[in-house]
Amino acid sequence: MFRPAVEETIESQHAKAIFKVVLDTKPELIKQDFLSLGTVGQGVSCKVLQEHLRADSSPSSVRRILAFLRQQPGPLHTSLKKCVIEELYQFEFFSELLRDLGAEIALSMPVSTIKKFPTDMMGTLREMIIEHPLPFQKLDRTKQELLVDKMVQRMGMYTGVFTEQEFRSLGIMAPYVVDEIFIQLDRSFFVDNLEFLQGLCYSRSKMDIVARILQDVFGPVSSWNQTTLSQVDRFLFFLPDDKLQEISLALMTVGRIEKLFMSQRRWERGDVGIHCLDEDERKRFFEKQQFVLQFFLGFLKINLMSSAPMVPTCEILHTTAPSAWTSSSLTSMSTSAFSNCLELIGQDPFLASYQRSQVLKRVKQIYGPVSTFSQSVISQLGGIAVELLPEELSSLRLTERRSIAALGAVSTWSNRQLSALFTTVLNSTKRLQSPSQLDSSTLVAMGHIVCGAKTTEMKFFNAVEFSKAVLWLGQLRLSCSEEQLLALVGLLAHSLAFGPISSWGTDVFIEIGVLAAGLPDMAMSALVKEQIEGLLPAAIELIPPDKFAVVFDQRMISMFSYEQAAAVTDAQLAALSDLQRKALAMVLTPWEDRHVDFRGKSQGLALSHSPLCLILGLLMLLVLPCPDLICPGT
């Protein structure tokens, strides 16, 4: 199943690719009736957009184009949003276009620009976010908090009780206010609106505050009853472990625990939860859930005389999570229940190594030696297969695409395991005698296993077939070495694939995704603005620190989007020169380099990209104290 980010990347790339074909074959159509392109419009290039805006820069024409972009069914690429803002900034009536921009494009503006909005414009932006919250939810957490902080300052909410009216006036943004405001949340509003509040997104510090408020309004946890637990619902997971242990054991039945897990899962899969938690936060939630289940079901009791812990049914594993149970509980399930739930267990991302090992032993007891595993069993193993030795992986028969895809979706293989799997794929079918015979569908199914090929073997991949598979492979966080990525990029630069790297546009860089990290040093250092805009943040993360410092000078770093700059790792940052760091800081915390008179006149844009402005900005960064890259006051 595609992750949301993968779906968006593929959708954006498809639109850009189709737009390019239309532009190459029917250029007169785009010139004459750009707005007739329908959903392909989200793939429009910056150059074409600029031509249309400049050909007719009247307010009515600009508004028609903005309405067309707002109506696109999928998200607009960062480079396109940046292009719109930079082009419209030059118009005297820019300040009148805020609502026409829509929340998605408006929120792509730097916080330093938004914070200069007068009260009425800030109010308009607030209303836009409440009406269309998704673009705000997709922002980086730091940018969300900075934006809300500026909004709250305009609203004068820094003193007194955080009232219901103020909370509702911020909508989905309410939990992003600073802790000093949130802790003053009106308690009666809190109690009367628990179900509504449980649907929002909270940072770790806000969870701690919610836990304190819960005890303020409902009293000590030890006094809570069934009614209280029903009201608190998934907020229970916000409580620290020592407080959870004060809940009466009699109240926390299996049914109650199942309901809590289901409530949390519904939220995580809902419109808010799916964009709220990063991997670390999801893991913290899981650990809290695991503690609740194991403590209240008796797994944590150190008492040999106590009754044996319960064995879950397959149904209970579906409503809770296999990894929340002990490995002995999982392996004590009946053969039929275990077999029916094997795929669910294999897909659990939080299953620990010791749990996987014990589960794998049970699999072998039921299905026999690894070499005899059927395609169905292999396809159900998922992450459990990571516990197989390279020799065992070599004995597998991977004759069907579903079994290859199941193992190819696993990202935690060792290099030896990947090498064994790649060879196994080639040896499992008579049709594949060499790497050159791998077709695009098999390469897609192989996923992470592609990195099991030697560099010499990768060079024999069919360039055309690999270029067809790259749209999927490029969205995976591949564990290929720098040399392997270099070999794969070499395939993409083949004349029958994407051609010379110098000819690649934004659309190609979006399509190849993380594989862009394998560009040769010379090619990467020669990237132009259009190409840099197509670099995925995930690709930037994978570039080795030493290479990153060599290929990206301060001029190129200054072209990064906020999302690209935020993807720079600590190791990459440590390898940068002072000048490169300042350029990065300017992207993350843009200074007052653009003056906008929101009474209707836009000034200073021409200076914003001049060398003098850059030097002044760097001097400001050198002079003004800012201990972190992200200054809270910007």
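Remember, it's a predicted structure, so these values are computed and weren't measured experimentally. (Residues numbered from 1 in each chain as written. Predicted model: local features only at pLDDT ≥ 70, side-chain atom pairs only at ≥ 80, totals over all residues. Heavy atoms only, no water.)

Participant: Outline the state of the cysteines, listing residues and values.
Facilitator: For the coordinates displayed, the defined rule picks out 4 disulfides. Each sulfur of the disulfide joining C201 and C276 lies 2.0 Å from the other. Looking down the S-S bond of the C201 and C276 bridge, the torsion is 75 degrees, so its handedness is right-handed. Placement of the pair is C201 in the loop between α14 (194-197) and α15 (204-218) and C276 in helix α19 (residues 273-276), with a sequence separation of 75 residues. Take C201: its relative accessible area is 4%, and that puts it in the buried class. Judged by its relative accessible area of 6%, C276 falls in the buried class. Put simply, C314 and C341 are joined by a disulfide, and their sulfur atoms are 2.1 Å apart. (Disulfide = S-S within 2.5 Å. Helix = DSSP H or I, 4+ residues; strand = E, 2+ residues; numbered from the N terminus. Buried < 20%, exposed > 50% of the residue type's maximum accessible area, 1.4 Å probe, protein only.)

Participant: Would you mind going over unusual backbone geometry in detail, with residue names and values included?
Facilitator: Negative phi is the rule for most residues except glycine; trans is the rule for most peptide bonds. Unlike most non-glycine residues, D233 shows phi in positive territory, near 50 degrees. Within the secondary structure layout, D233 lies in the loop between α16 (226-232) and α17 (241-244).

Participant: Lay out the pattern of salt bridges with the relevant residues and their values.
Facilitator: Taken as a whole and judged by the stated rule, the model has 21 salt bridges. Note that E387 is salt-bridged to R356, the shortest N-O span being 2.9 Å. Taken together, the residues E387 in the loop between α26 (375-381) and α27 (390-394) and R356 in helix α25 (residues 353-367) connect sequence positions 31 residues apart. Take R356: its relative accessible area is 17%, and that puts it in the buried class. Here E541 ties to R477 by a salt bridge, and the two come within 3.3 Å at their closest N and O atoms. Pair noted here: E541 is in helix α37 (residues 537-542) and R477 is in the loop between α32 (463-473) and α33 (482-492), with a separation of 64 residues, a long-range link. Accessibility expressed as a relative area gives 32% for E541, which makes it partly exposed. Judged by its relative accessible area of 47%, R477 is partly exposed. (Salt bridge = Lys/Arg side-chain N within 4 Å of Asp/Glu carboxyl O.)

Participant: Describe the side chain of K143, with residues and values.
Facilitator: Tracing the chain through its elements places K143 in helix α10 (residues 141-155). One buried charged residue, K143, remains without a salt bridge, the closest side chain of opposite sign being E563 at 5.3 Å. A distance of 3.1 Å separates a polar side-chain atom of K143 from the backbone oxygen of M109. Those residues in contact with K143 that lie beyond four places of it in its chain are L107, S108, M109, P110, V111 and Y562. (Lys, Arg positive; Asp, Glu negative; His and termini not counted. Polar contact = N/O pair within 3.5 Å; in protein donor to acceptor, adjacent residues only side chain to side chain. Contact = heavy atoms within 4.5 Å.)

Participant: Hey, could you go over the nonpolar core for me, with residue numbers and the actual values?
Facilitator: Counting residues in hydrophobic clusters, the biggest one holds 189 residues, and the most contacted among them are L101 and F461. Ignoring any residue separated from it by four or fewer positions in sequence, one finds F461 in contact with F422, P435, S436, L438, L443, V450, A453, F466, L488 and L491. (Core = buried A, V, L, I, M, F, W, Y, C linked by side-chain atoms within 4.5 Å.)

Function cannot be read off these values alone, since they describe shape.
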